[in-house]
Amino acid sequence: MLSPRTTPTRDLVGLDGLWRFALGTRAGATPWASRLAPPLEVPVPASYNDLFVDPEIRDHVGVVWYQRDVRVPRGWTGERVILRFGSVTHAAQVYVDQRLVAEHTGGYTPFEADLTGVVEPGAEFRLTVGVDNRLTNVTIPPGTVTTGPDGRERQSYLHDFYNYAGIARPVRLYSTPTTFVEDVTVVTGRDGTAGTVQYRVEADGEHADTVTVRVRAVDESGRTVAEGHGPEGVLRIEDVTLWQPGAAYLYDLVVELTVDGETVDSYTQPFGVRTVLVRGTDFLINGEPFYFTGFGKHEDTPVRGKGHDDAYLVHDFQLMEWTGANSFRTSHYPYAEEVLDFADRHGIVVIDETAAVGLNLGVQGGLTGVPPTPTFAPENFGGTTRDVHAQHLRELIERDRNHPSVVMWCLANEPASNEDGARDYFEPLVELARKLDPTRPLTYAAVMFATPQNDQIGDLFDVLSINRYYGWYLFTGDLATAEGYLEQDLRGWVQRFGKPVMMSEYGADTQPGLHSVWDTPWSEEYQSDFLAMYHRVFDRIPEFVGEHVWNFADFQTSPGIHRVDGNKKGVFTRDRKPKSAASALRRRWHGLDGRKPGEATAD
Ligand code: BDP
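This one's a predicted model, so the numbers in the text were calculated from it and none came from an experiment. (Residues numbered from 1 in each chain as written. Predicted model: local features only at pLDDT ≥ 70, side-chain atom pairs only at ≥ 80, totals over all residues. Heavy atoms only, no water.)

Engineer: Could you clarify how one ought to interpret the site of the ligand in this entry?
Structural biologist: By nearness alone, 13 residues border the ligand, and Asp 160, His 332, Glu 414, Tyr 473 and Lys 569 come closest of all. Note that an oxygen atom of the ligand is positioned 2.7 Å from one of the side-chain N or O atoms of His 332. Note that an oxygen atom of the ligand is positioned 3.0 Å from one of the side-chain N or O atoms of Arg 563. Protein chains shield 88% of the accessible area of the ligand, which is 320 Å² for the free molecule. Considering only residue class, the shell around the ligand consists of 4 nonpolar, 4 polar and 5 charged. (Near = heavy atom within 4 Å. Polar contact = N/O pair within 3.5 Å; in protein donor to acceptor, adjacent residues only side chain to side chain. Areas by Shrake-Rupley, 256 points an atom, 1.4 Å probe, with all protein chains shown as cover. Nonpolar A, V, L, I, M, F, W, Y, C, P; charged D, E, K, R; others polar.)

The following block contains the structure:
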């Protein structure tokens, strides 16, 4: 799905700002039929949970309603009119006045409604959106809704981050001509000093069958460096400037559709020329071994929850660059498109993860790893869950495949890959991902219970990403014992699979300001010592390709006694102040500079 943009043939109006808001339980049977009452107002984009003092809103389970009036620009006569949501978490029903125009399930991918003929240029319409935050065993991510003795629904889920909901990403109304560019795919390669750009353009609408497609690649100075004709082909850019980690370079693919010599639509797709390949135990970007340094992140800020925020976007990237992070994982769901656009422009490498977090009933079984009931059974996560997972994967890859920053798809976080049924569940998803995108390696983040001995899916993937908490959940405060277990564990993965291995999560909860001369969990010293112990182990394993600390910043979690106002494994606090580990990472990562530890030069 293309990002909405203004072009010489397309216009766009942002619909962000304050919308009317009501809980489903207070909004009457047909909230779309008139103005919402009572008149609460809610900002878009933002999660609604932390905005109000009313606990019924924060803890609401079910549908809430968003509403605003929208005027269609007068000049759009004769154009298609499209309404686009960056995401609605987790399911949406969209009404234009009294008419249902779109429904979508999946809280982290965009969707559109074609309003052509439904709304009139120059006229106003009432836009009402029902937002459902419920998670069940057939949603991704999964959860369980139960009804309490008071008749109220209660939500539980299998991940620790708070189930923020709402319209958390931008909403836009845009126009296109009646014959239009529906999709563009770009796959890049290298041939000596030249770049190759394989492109495919899909046209749709009135004259789609007779339309002529012209494309040109334009460099950052505005110079046309290659041209092509026809809906697909390969362009060649001589003396290409590569997109490189830490040194982004973007070209534009300018696509024009003409009918009888007249331009009917044009669309500009930025792209970077780079290659990604797993060879042996190396992860190669542009043919060079790449060592990931960085974080698992969350979209999480005070007050706004998971709402996209450009100020935090800029600041988070500044802090990542300051620590020497060259990459991050979009744990545990696809992030806003604006984040990936920014990563493209700033040369930060991204592991793009689906929202499949919590496909693991073993976690419920506690650290014994004995599941109360098998995870991949039809009554838990069976064929229907997998179909939903597949649909989500399609939407993710269709959205993100043109981003040079995205170098790998992560199909799930901590699934029960040690349990029977995991292979049957994942094999078709891996096949689908490879069909949709044969160019990017695949991974999944392996849970503690999945060991090199019992994991059932590692061979299906290209890179093994391992989440481990030795020294925190296991051998708490005993880093010496933890070090031995960690090394044995990681070497086991290398030996069994012979593939690149990286650490996708390692971290310790830390209360800023707590200090200790001993190995005291929660102290700032312990977090630094914990990370240093992991780094010693990584540096002894030549097949290791990267380290992503859990987490970039503290984040809000579901209520409970397990956490004190959130998960505190951040290297930065929730308001982005550094804990002492941030400086320790900065010293290590700037010294590595994207190389494997063995190849690093001291700074
Ligand atoms: C891991 C999960 C991550 C949690 C982390 C933790 O992948 O989402 O936040 O544990 O407990 O198992 O901090």
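Engineer: Would you explain helix H7 (residues 524-539) in this entry?
Structural biologist: Within an α-helix, residues lying three or four positions from one another point in the same direction, as the helix has 3.6 residues per turn. Helix length check: H7 (16 residues) gives 23 Å between terminal C-alpha atoms against 22 Å at 1.5 Å per residue, within 8%. Considered for burial, the residues of H7 that qualify are Glu 524, Tyr 526, Gln 527, Ser 528, Phe 530, Leu 531, Met 533, Tyr 534, His 535, Val 537 and Phe 538. Elements that come into contact with the buried residues of H7 comprise helix H6 (479-497), strand E31 (501-505), strand E32 (544-550) and helix H8 (580-592). (Helix = DSSP H or I, 4+ residues; strand = E, 2+ residues; numbered from the N terminus. Expected span 1.5 Å × (residues − 1). Buried < 20%, exposed > 50% of the residue type's maximum accessible area, 1.4 Å probe, protein only. Contact = heavy atoms within 4.5 Å.)

Engineer: Can you help me understand the side chain of Gln 556 in this one?
Structural biologist: Within the element layout of this structure, Gln 556 appears in the loop between E32 and H8. Polar contacts involving the side chain of Gln 556 include one to the side chain of Asp 565, which spans 3.1 Å. In this structure, Gln 556 is in contact with Arg 58, Asp 160, Phe 161, Tyr 162, Tyr 164, Asp 300, Asp 565, Gly 566 and Arg 574, ignoring residues within four places of it in sequence.

Engineer: Even after reading the chapter, I still don't get the sheet that holds strand E24 (residues 288-289), so can you show me in this structure?
Structural biologist: Within a beta sheet, neighbouring strands are joined by backbone hydrogen bonds and run either parallel or antiparallel to one another. On the basis of which strands lie adjacent, the open sheet formed by 3 strands has the order E22-E23-E24 and antiparallel pairing. Of all strands in the sheet, those bounded by a partner on one side alone are strand E22 (276-279) and E24. Here E22 pairs with strand E23 (residues 282-285) via 4 bridges, running antiparallel. Bridge pairing in E23 places Val 276 opposite Ile 285. (Pairing = 2+ DSSP bridges.)

Engineer: Even after reading the chapter, I still don't get empty space enclosed by the protein, so can you show me in this structure?
Structural biologist: Take a probe with the size of a water molecule and roll it over the atoms, and the empty space left behind shows itself. Under the counting rule described, the total for this entry stands at 5 cavities of 30 Å³ or more. If you add up the space inside the largest cavity, you get close to 200 Å³. Lining the largest cavity are 18 residues, with Lys 297, Glu 299, Leu 313, Asp 316 and Val 339 sitting closest to its centre. A per-class count over the lining of the largest cavity returns 6 nonpolar, 5 polar and 7 charged. Each of two domains, domain 3 (295-321 + 468-603) and domain 4 (326-460), supplies a minimum of three residues to the lining of the largest cavity. (1 Å grid on protein atoms, 1.4 Å probe; cavity = no way out; pocket = protein on both sides within 12 Å on 5 of 7 lines; lining within 4 Å. Points joined across faces, edges and corners; volume = space filled by probe spheres on them. Domains from an automatic or database assignment.)

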